[in-house]
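Structural overview for review
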Amino acid sequence: MPDPLANLTEAQTAAVLHRGGPLLVVAGAGSGKTRVVTCRVAKLVLDGVPPWAILAITFTNKAANEMRERVAALTDAATLGQMRVSTFHSFCAWLLRRHAEEVGLTRDFSIYDEADQLSVVKSVMSEKGIDPASFKPGMIHSMISRAKNEMKGPEAYDEDAYDIYERTVARVYRGYQALLKVQNAVDFDDLLLKVVELFEKSGTTLEKYRKRFQHVLMDEYQDTNAAQYRIARALASGHRNICATGDPDQSIYSWRGADIRNILSFEEDFPGATVIKLEENFRSTGHILAAADMLIKNNTMRKERDLFTSKSGGEPVVVCALSDEQEEATYVAAEIARASGEGVPLRDIAVMYRVNALSRSLEEAMRAAGIAYNIVGSVEFYRRKEIKDILAYMKLMTNPLDDVSFGRIINVPARGIGLRTIERLKAFASLNSVPMVESALRVKKIKEIRPPAAAKVQRFTAIMQRLKKHVDGSAADAVRAVLEETNYLAFLDRDKSEEGLQRRENVGALVSAAFEFDQLDEEGGLRGFLEQVALVSDVDSWDDAEERVTLLTLHSAKGLEFRTAFIVGVEESLFPHVRSSETLAGLEEERRLAYVGITRAEEKLYLCYTHFRTQFGRTMRCAPSRFLAELDPSACEFRVSRTQRTPSRLATLDFDDDDDDPDDIEVSLELEDLDEPVIEYDEIGPDSPLDYSAFRAGVIVKHSRFGVGQILELSGSGSDIRARILFQRYGEKSLMLKYANLRKA
């Protein structure tokens, strides 16, 4: 059996061998953090710690699976069945299944995905007569999730509401939680909050798990939110055997509640904690690491450390200025083709971007060049219509209170049940305080529903009654039963198009996924399969064995690595994003995101920006990101496109803050005539002092009254320089620099 200590560095060995008391492992990018956690778990087992006494938490199912495999290789396969290695959400779901009644649920509760959650929000808004045109359901859902991440319930949120919008959110929030309770359902945030509630309500339950899990290991500790932080502290507060690993420089998820202060204050929370720094990077070359290191040192909220690598030198980081997004995409495709021709597998190449909207031109260029690619976070498998239909049947089988699933499938496949009948079933359910399934079972008592329509409803309930017999069986058995009882495949076969054939193949893949789940987890059954499906993430579905280039957002790239990597759209307003760069905390998180992107590259890195970028058919002038000026220039090679295209119209970006996901940002543009010539950016150096020379056409500035804007033109000389600036909120203004008191945004 392999030795867990083999080939470890001195710092890694110290982390693996640490015994007793709190341990913080500050692990720089590419420093072997996952290996340290895995070897630590294996060494604990080999030293006699019972596997069931170890709890290891990661942040993706992919990482959890990899950890299980590595631990099995270092110990034995039997160990895995007794050990809890999972994501935070999976661990909380596991706990709640065992203590559901203590927090107002039954063990068959449903876990609603984002589409289900949005459906509940819309239902509440409709019931309360709230206009979705004035109050966008997506925005309200995001604000509810944000409140939960801050551990703020409906009542507390209502008390703090300061305007009509927040008071409306509070009304929906209250109704949303009430409806989830009626439907015996939770959302992702509730999985965490319910466990906090469980531990606070029942000291006996907390003590039970505190005694069981004598060693708690938390990976990616910098990404924990308030609820996760409280769960971790609660479990470790007795024995204090907590090992937290993470990197403050890679904390990039504040928009979903992550609090960098959790890792920065670890030593205050656990006095006497041992701190071990992993500073040797095994992934990237010297030039890539030098560029990343100089960049991140501009941040203040971090733990100081000095990364180094034995891979000295290497190829310089290419910083390339292109004319527009078409040329950028063509350049990227050409460089990928060249790398592939030199022997770099496509699966080892990635193109990253700050927002999903930038993928369109890249996809076109890939197709034109005949380069196979995958997009991480496109239409995920489990969100496809045909898959959600079948899963809805399975969810309703286990949880008859699940009205969202009921509403999705009562007439799928089509069985002639119209909207009027469904509305009358819903009204009866509401009047009698029963779930929709119960309303359907009592359809003959609903006088407003005529006999022919009632007969159709009864045929549906008969199907559900037969399917209930499979609730305690395997996942594969449940999927096959749904397909047979509903004739779903025959329903798909009516569509002879390529899309119809693809849907049938997707259903086949679902059957295979259920079968594989049964093979790996004989005790999981239908309930376990539904739980796994509900908690799958974008990266979990990414297959790194496919011979394709990977296109993905920088947020999705966390934890991955590629021999060759591109980051496109490295421009002011896009990266750092204009919505995040107005505060120091926001700007520092954007810089951490850039650091994460840069350190995904092993051998070759390209950073691309354009002079002009077109969105929605309109063109804007772009300025290179300030982050480019913060790189180590000796580690970079600067390239400038010879092509200069001058658009006839110019636009500025205006970002619609309607979505909490920073990768899905709506962009609208305001036009402005362009008369001046194209500005060329021949080279990039460190930021100059904030005198007049720091301002030029294309630079993003901030004014104390007008806010953020972009300099369009400078005129005059000496102390009489005047700037024509297009502000996002106030339009175009002409200001004297000596009076404007501008600063670079």
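Described below are features of the structure shown in this document. Small disclaimer: the values here were computed from a predicted structure and weren't measured.

Moving on, we come to the overall build of the chain. A tally of helices and strands in the chain yields 29 helices and 24 strands. The buried share of the chain, taken over its 745 residues, is 57%. Here the contacts in the chain between residues at least 6 apart in sequence split such that 75% fall between residues at least 24 apart. Accessible surface, the chain as shown: approximately 31,500 Å² in total, 49% of it carbon and sulfur.

The next subject is the packing of aromatic side chains. Taken as a whole and assessed by the stated rule, the structure comprises 17 aromatic pairs. Between phenylalanine 59 and phenylalanine 88 the ring centres are 6.3 Å apart and the planes differ by 70 degrees, which places this aromatic pair in the edge-to-face class. Pair noted here: phenylalanine 59 is in the loop between strand 2 (54-58) and helix 3 (61-74) and phenylalanine 88 is in helix 5 (residues 88-99), with a separation of 29 residues, a long-range link. In this structure phenylalanine 88 comes out as buried when scored by relative accessible area, which is 2%. Considering the side-chain rings of tyrosine 331 and tyrosine 606, the 6.2 Å spacing of their centres and the 75 degrees angle between planes classify their relative orientation as edge-to-face. In this pair, tyrosine 331 is assigned in helix 16 (residues 325-341) and tyrosine 606 in strand 14 (residues 601-610), connecting sequence segments 275 residues apart. Tyrosine 606 carries the same exposure label as tyrosine 331, and that label is buried. Taken together through their ring pairs, the aromatic side chains of Phe91, Trp94, Tyr209 and Phe213 make up a single cluster. When the ring centre of tyrosine 253 is taken as origin, the NZ or CZ atom of arginine 256, which lies over that ring, is 3.9 Å away.

Relative to the helices and strands, threonine 610 resides in strand 14. Only 3.0 Å separates the side chain of threonine 610 from the backbone oxygen of phenylalanine 612, close enough to count as a polar contact. Those residues in contact with threonine 610, other than ones at most four positions away along the chain, are Leu322, Ser323, Asp324, Glu325, Glu328, Glu571 and Cys622.

The next thing to look at is the sheet that holds strand 2. Within a sheet, neighbouring strands are paired by backbone hydrogen bonds and run either parallel or antiparallel to one another. An order of 3-2-6-7-1-8 is seen for the six strands of this open sheet, with the pairing classed as parallel. Looking along the sheet, the strands with just one partner apiece sit at the ends: strand 3 (84-87) and strand 8 (274-278). Direction aside, neighbouring strands of the sheet carry axes that sit 15 degrees apart on average. In terms of strand pairing, strand 2 meets strand 6 (residues 215-218) through four bridges, oriented parallel.

Another point: the nonpolar core. Generally speaking, a soluble globular protein has its nonpolar side chains buried in company with each other. Core analysis: the largest hydrophobic core is formed by 50 residues, its most contacted members being Ile390, Met394, Met397, Phe406, Leu425, Phe460 and Phe529. Looking at this core, the element that brings in the most residues is helix 18 (residues 385-398), giving eight residues. Those residues in contact with methionine 397 that lie beyond four places of it in its chain are Met464, Leu467, Lys468, His470, Val471, Ala478, Val482 and Leu526.

Let us now look at helix 17 (residues 359-369). Taken residue by residue, helix 17 has Ser359, Ser361, Leu362, Glu363, Ala365 and Met366 as its buried positions. On its buried side, helix 17 packs onto helix 16, strand 10 (349-353), strand 11 (373-375) and strand 12 (549-553). Looking one or two residues past helix 17, glycine 370 carries a phi angle of roughly 70 degrees, positive in sign.

One open sheet accounts for seven strands, arranged 11-12-10-13-14-9-17; its pairing is parallel. Strand pairing shows two members of the sheet lacking a second neighbour, strand 11 and strand 17 (636-640), which therefore form its edges. Averaged over all pairs of adjacent strands, the angle between their axes in this sheet comes to 20 degrees, without regard to strand direction. Taken together, the four bridges between strand 10 and strand 13 (residues 562-567) define a ladder with parallel strand orientation. In the strand pairing of strand 13, methionine 352 is matched with isoleucine 567.

Calculation rules
Residues numbered from 1 in each chain as written. Predicted model: local features only at pLDDT ≥ 70, side-chain atom pairs only at ≥ 80, totals over all residues. Heavy atoms only, no water. Helix = DSSP H or I, 4+ residues; strand = E, 2+ residues; numbered from the N terminus. Buried < 20%, exposed > 50% of the residue type's maximum accessible area, 1.4 Å probe, protein only. Contact = heavy atoms within 4.5 Å. Areas by Shrake-Rupley, 256 points an atom, 1.4 Å probe, with all protein chains shown as cover. Phe/Tyr/Trp six-rings, centres within 6.5 Å; stacked < 30°, edge-to-face > 60°. Lys NZ or Arg CZ within 6 Å of the ring centre and 35° of its normal. Polar contact = N/O pair within 3.5 Å; in protein donor to acceptor, adjacent residues only side chain to side chain. Pairing = 2+ DSSP bridges. Axes fitted to C-alpha atoms, helices over the stretch in contact; angles between N-to-C directions. Core = buried A, V, L, I, M, F, W, Y, C linked by side-chain atoms within 4.5 Å.

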